[in-house]
Amino acid sequence: QEACIKGFAMIRKYGLGCLKDMFPMITLCVAPLLIGYADTTILQRHPRVCLHVIAALFVEAVTQLMLDHMTSRPYRAIRPLFVPLLVFTALIWFGLLEGQMTDELLISYQAVLVVHLLMKFSVVIHEICDLLQIWCFDIVTKYPKKKKVL
């Protein structure tokens, strides 16, 4: 109830354009509800997978927001990883996906999300450590100096 009241107040103050930046969070809140309403047994069949998918999507959005803020880049609210969630939601909502195919697609989506996040985090951590010339979790050991190539 509080989120709806604040949402309407924000629309009244800033106009409908502010919803563009809220799209990912609205999607992450509404899509699981639609999936659970259309397929009432999906959470019973795969509780951890469902929670991991939603948690991974929130983690990806929030970490990208923090990274964009720290690097002074504009935040892209529309994330490419949300497209499979929207497609999955539409397929379940319109009854085009049922049974084992739903389970296989959900588990595949979870695997893709986990691999993407692990790759993203390892690349970002490596780049930050290389830029600061420190080792991850060890700032005492000297970082090797790179020779400048002319």
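Since this is a predicted model, take the numbers as computed values, not measurements.

Concerning the side chain of Thr102
Then, in step 1: Here Thr102 lies in helix α6 (residues 99–132).
Then, in step 2: A polar contact is formed between the side chain of Thr102 and the backbone oxygen of Leu97, at a distance of 3.5 Å.
Then, in step 3: Filtering out sequence-adjacent residues up to four positions away, Thr102 remains in contact with Asp39, Ile42, Arg45, Phe88, Ile92 and Leu97.

Thoughts on the environment of Glu60
Then, in step 1: Looking at the secondary structure, you find Glu60 in helix α4 (residues 47–70).
Then, in step 2: The sequence separation of Glu60 and Leu81 amounts to 21 residues, and the corresponding C-alpha distance is 8.6 Å.

Re helix α1 (residues 2–14)
Then, in step 1: With 13 residues, α1 should reach 18 Å at 1.5 Å per residue; the first-to-last C-alpha distance of 18 Å fits that figure.
Then, in step 2: Remark: Gly15 follows α1 within two positions and exhibits a positive phi of approximately 90 degrees.

Regarding the packing of α4 against α6
Then, in step 1: The N-to-C vectors of α4 and α6 enclose an angle of 30 degrees; their axes lie 9 Å apart at closest approach. Relative to α6, the element α4 is oriented roughly parallel. Considering only the axes of α4 and α6, their crossing is left-handed. Along the contact surface, α4 presents Val49, Cys50, His52, Val53, Ala56, Leu57, Val59, Glu60, Thr63, Gln64 and Leu67, while α6 presents Leu106, Ile107, Tyr109, Gln110, Leu113, His116, Leu117, Lys120, Phe121 and Val124.
Then, in step 2: A breakdown of the residues in the contact of α4 with α6 according to their chemical character gives 14 nonpolar, five polar and two charged.

Comments concerning a nonpolar patch on the surface
Then, in step 1: On the surface, a nonpolar cluster with roughly 1000 Å² of combined accessible area is contributed by Leu16, Leu19, Met22, Ile26, Val30, Leu34, Tyr37, Trp93, Phe94 and Leu96.
Then, in step 2: Broken down by element, the residue count for the nonpolar patch peaks at six residues, all from helix α2 (residues 19–38).
Then, in step 3: Among the structural elements, Leu96 can be located in the loop between α5 (82–93) and α6.
Then, in step 4: We classify Leu96 as exposed; its relative accessible area is 64%.

Focus on the nonpolar core
Then, in step 1: Core analysis: the largest hydrophobic core is formed by 20 residues, its most contacted members being Ile42, Val53, Leu57, Leu85, Phe88, Leu106 and Leu113.
Then, in step 2: Counting residues per element, the ones that place at least two in this core are α2, α4, α5 and α6.
Then, in step 3: In this view, Val53 contacts Leu106, Tyr109, Gln110 and Leu113; residues no more than four positions away in its chain are not counted.

Points about unusual backbone geometry
Then, in step 1: Even without glycine at this site, Ser72 takes up a positive phi of about 55 degrees.
Then, in step 2: Locating Ser72 in the fold gives a position in the loop between α4 and α5.
Then, in step 3: The phi dihedral of Phe137 falls on the positive side, at around 65 degrees, and the residue is not glycine.
Then, in step 4: Mapped onto the secondary structure, Phe137 falls in the segment after α6.

What about the environment of Ala31?
Then, in step 1: Looking at where Ala31 falls in the secondary structure, it is placed in helix α2.
Then, in step 2: We classify Ala31 as buried; its relative accessible area is 4%.
Then, in step 3: Contact partners of Ala31, with chain neighbours within four places excluded, come to Leu85 and Thr89.

So, how was this worked out
- Residues numbered from 1 in each chain as written.
- Predicted model: local features only at pLDDT ≥ 70, side-chain atom pairs only at ≥ 80, totals over all residues.
- Heavy atoms only, no water.
- Helix = DSSP H or I, 4+ residues; strand = E, 2+ residues; numbered from the N terminus.
- Polar contact = N/O pair within 3.5 Å; in protein donor to acceptor, adjacent residues only side chain to side chain.
- Contact = heavy atoms within 4.5 Å.
- Expected span 1.5 Å × (residues − 1).
- Axes fitted to C-alpha atoms, helices over the stretch in contact; angles between N-to-C directions.
- Parallel < 35°, antiparallel > 145°, perpendicular 65-115°, else oblique.
- Left-handed = near helix turned anticlockwise from the far one by under 90°.
- Nonpolar A, V, L, I, M, F, W, Y, C, P; charged D, E, K, R; others polar.
- Patch = residues over 30% accessible without salt bridge, like charges linked within 9 Å, V, L, I, M, F, W, Y side chains within 5 Å.
- Areas by Shrake-Rupley, 256 points an atom, 1.4 Å probe, with all protein chains shown as cover.
- Salt bridge = Lys/Arg side-chain N within 4 Å of Asp/Glu carboxyl O.
- Buried < 20%, exposed > 50% of the residue type's maximum accessible area, 1.4 Å probe, protein only.
- Core = buried A, V, L, I, M, F, W, Y, C linked by side-chain atoms within 4.5 Å.

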